[in-house]
Amino acid sequence: MTALEWASQSRPEEPPADFYCRSVDVWQGRFTKIAPTLIRAGIHTDIAALFASMVGEIGDNCFTHNAPGWIDIPGCWLEYHIEGNQIQCWISDRGRGILNSLKAALPSLETHREALLASLTKRISGRTPEKRGNGLKYVVEVLTRLPVGVFTLQTGDASFHCNLPLNKTLLESSITAASTMVRGTYCEITATLPYAN
Amino acid sequence: MRIDISKFGNSLVSRSSGREAALALQANVLRDITSSEFIELDFSGVLVLTPSWADEFLAFLRQRYGQQIRILPSQNSTVQLTLETIGEIAVSPSKS
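Cut-offs used in this document
Residues numbered from 1 in each chain as written. Chains lettered and ligands numbered in written order. Predicted model: local features only at pLDDT ≥ 70, side-chain atom pairs only at ≥ 80, totals over all residues. Helix = DSSP H or I, 4+ residues; strand = E, 2+ residues; numbered from the N terminus. Rg over C-alpha atoms; globule rule 2.2 N^0.38 Å. Buried ≥ 20, exposed ≤ 12 C-beta atoms within 10 Å, placed from the backbone. Arc of directions from axis to C-beta. Contact = placed C-beta atoms within 7 Å. Nonpolar A, V, L, I, M, F, W, Y, C, P; charged D, E, K, R; others polar. Pairing = 2+ DSSP bridges. Axes fitted to C-alpha atoms, helices over the stretch in contact; angles between N-to-C directions. Core = buried A, V, L, I, M, F, W, Y, C linked by C-beta atoms within 7 Å. Domains from an automatic or database assignment. pLDDT = per-residue confidence, 0-100. Parallel < 35°, antiparallel > 145°, perpendicular 65-115°, else oblique. Left-handed = near helix turned anticlockwise from the far one by under 90°.

## Some details on the overall build of chain B
Right, on to step 1. Within chain B, the regular secondary structure consists of three helices and five strands.
Right, on to step 2. For chain B, the C-alpha radius of gyration of 12 Å lies close to 12 Å, the compact-globule estimate for 96 residues.
Right, on to step 3. Each of the three principal axes of chain B carries a C-alpha extent, and together these read 30 × 30 × 20 Å.

## Some points on helix α2 (residues 24-31) of chain A
Residues and elements named next belong to chain A.
Right, on to step 1. Of the residues making up α2, those classed as buried are Val24, Trp27, Gln28 and Phe31. Each buried residue of α2 sits inside an arc of 95 degrees when the element is viewed along its axis, so together they form one side. Seen from the open side of α2, the exposed residues pointing more than 90 degrees away from its buried face are Asp25 and Gly29.

## Brief notes about the interface of chain A and chain B
Many structure descriptions define interface size as the accessible area lost when the parts assemble.
Right, on to step 1. The partner chain B presents 19 residues to the 20 residues of chain A that form the contact.
Right, on to step 2. The element that contributes the greatest number of residues to the side of chain A that touches chain B is helix α4 (residues 45-64) of chain A, accounting for nine residues.
Right, on to step 3. Looking at the side of chain A that touches chain B residue by residue, the class counts come to seven nonpolar, seven polar and six charged.

## Thoughts on the sheet that holds strand β4 (residues 148-164) of chain A
Residues and elements named next belong to chain A.
Right, on to step 1. The strand order β1-β2-β3-β5-β4 describes an open sheet built from five strands, whose pairing is antiparallel. Two strands in the sheet have a free side with no partner beyond their single neighbour: β1 (20-21) and β4.
Right, on to step 2. Sitting on the sheet, α4 touches β2 (76-83), β3 (86-93) and β5 (175-192), and the angle it makes with β3 is about 15 degrees.

## A word on the environment of His44 of chain A
Residue and element names in this part refer to chain A.
Right, on to step 1. With respect to the helices, strands and loops of the structure, His44 is situated in the loop between α3 (34-40) and α4.
Right, on to step 2. According to the C-beta neighbour criterion, His44 is partly exposed, with 19 such atoms within 10 Å.
Right, on to step 3. Spatially, the C-alpha atom of His44 lies 18 Å from that of Glu141, the residues being 97 residues apart in sequence.
Right, on to step 4. What His44 contacts, discounting residues up to four positions off in sequence, is Leu193, Pro194, Tyr195 and Ala196.

## Observations concerning unusual backbone geometry
Residues and elements named next belong to chain A.
Right, on to step 1. In this model, Ala67 is joined to Pro68 through a cis peptide bond whose omega is -5 degrees.
Right, on to step 2. Tracing the chain through its elements places Pro68 in the loop between α4 and β2.
Right, on to step 3. For the bond running from Leu164 to Pro165, omega is -5 degrees, close enough to zero to count as cis.
Right, on to step 4. Its place among the elements puts Pro165 in the loop between β4 and β5.

## With respect to the nonpolar core
Residue and element names in this part refer to chain A.
Right, on to step 1. If you look at the biggest cluster of nonpolar residues, it comprises 82 residues, and the most contacted ones within it are Ala48, Phe51, Val55 and Ile91.
Right, on to step 2. The dominant element in this core, judged by the number of residues it contributes, is α4, at eleven residues.
Right, on to step 3. Per-domain counts for this core show at least three residues from each of domain 1 (1-7 + 17-47 + 59-95) and domain 2 (96-147 + 157-176).
Right, on to step 4. Filtering out sequence-adjacent residues up to four positions away, Phe51 remains in contact with Leu38, Ile87, Leu146, Ala191 and Leu193.

## A look at the confidence of the model for chain B
Right, on to step 1. Mean pLDDT for chain B: 93, with 98% of residues reaching 70 or above.
Right, on to step 2. If you check the scores for this complex, the pTM reads 0.94 and the ipTM reads 0.91.

## Describing the sheet that holds strand β3 (residues 39-42) of chain B
All names here are of chain B.
Right, on to step 1. Reading across the sheet, the three strands line up as β1-β3-β5 and stay open at both edges, with parallel pairing between neighbours. The strands lining the two open edges of the sheet, one partner per strand, are β1 (2-4) and β5 (69-71). Sheet twist, expressed as the mean angle between neighbouring strand axes with direction ignored, is 25 degrees.
Right, on to step 2. Examined bridge by bridge, β1 and β3 share three bridges and lie parallel to one another. Residue Asp4 lies in a different strand from β3, and its bridge partner there is Asp42.

## Topic: the packing of α4 of chain A against helix α7 (residues 135-143) of chain A
All names here are of chain A.
Right, on to step 1. The N-to-C vectors of α4 and α7 enclose an angle of 155 degrees; their axes lie 10 Å apart at closest approach. The orientation of α4 with respect to α7, classified from their angle, is roughly antiparallel. Note on packing geometry: the crossing formed by α4 with α7 is left-handed. Contacts between α4 and α7 involve Leu50, Ser53, Met54, Glu57, Ile58 and Asn61 from the former and Gly135, Tyr138, Val139 and Val142 from the latter.
Right, on to step 2. Across the contact of α4 with α7, the residue classes tally to six nonpolar, three polar and one charged.

So, in structure tokens, the structure goes:
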């Protein structure tokens, strides 16, 4: 089973134990190893930190925008593999998705595409009345600073897919209809990161 | 008073831990601070910071201590980008 299959299948099932973060404590324990592992692999410290912070922001959303209202399986899937200076990472959840989350603050949203675009470009939070909503804007900024790779963020049937570094003028056109419906959110990042000198 | 933020950890990510850090700071360190004293936040030992943590932490402190809060400059890329994202500006340390 892959992270995408888990996030999209109708049958509720816990992820494999190695990737399953049932609670935010488990998530944090696993997440905090990413930056040090990249640095030990020789990756430039600043880039390793930026990459990890992006994963941190996306993964934390799985909890702060869903708990305790997941569809069925609580928590998130976190999987990453590092080989040389290449990292592949998957984060997904079976939560309410960006559209349902943002509708609380912006009831005019109707489609997953509209919600995904708003989350990436507008300072808006599903946790209204809190004045937050910076997380995915931050992710967009990190994507403009990562040198080589591919990034995908899907919610419902809307998928934002871009090459790295992100050219922000192409952001809107990088959101397309996905062939598979995701229950919640799904993120996949493949990146080649520079070594420290 | 200078606060070494890395004492909360070197990967500061979640909203919940940001708020908890602010509450702990208020209860354990800032209890007796006077209104004329600056509270200088030093992020130099932090490896990974995100807007979620920083938003919760700083919003709480700003509400209670306002302009007493000062954020010291950091060379860390995630600290710089996070502060830029949430609209905070680092300032040089006060001379004392």
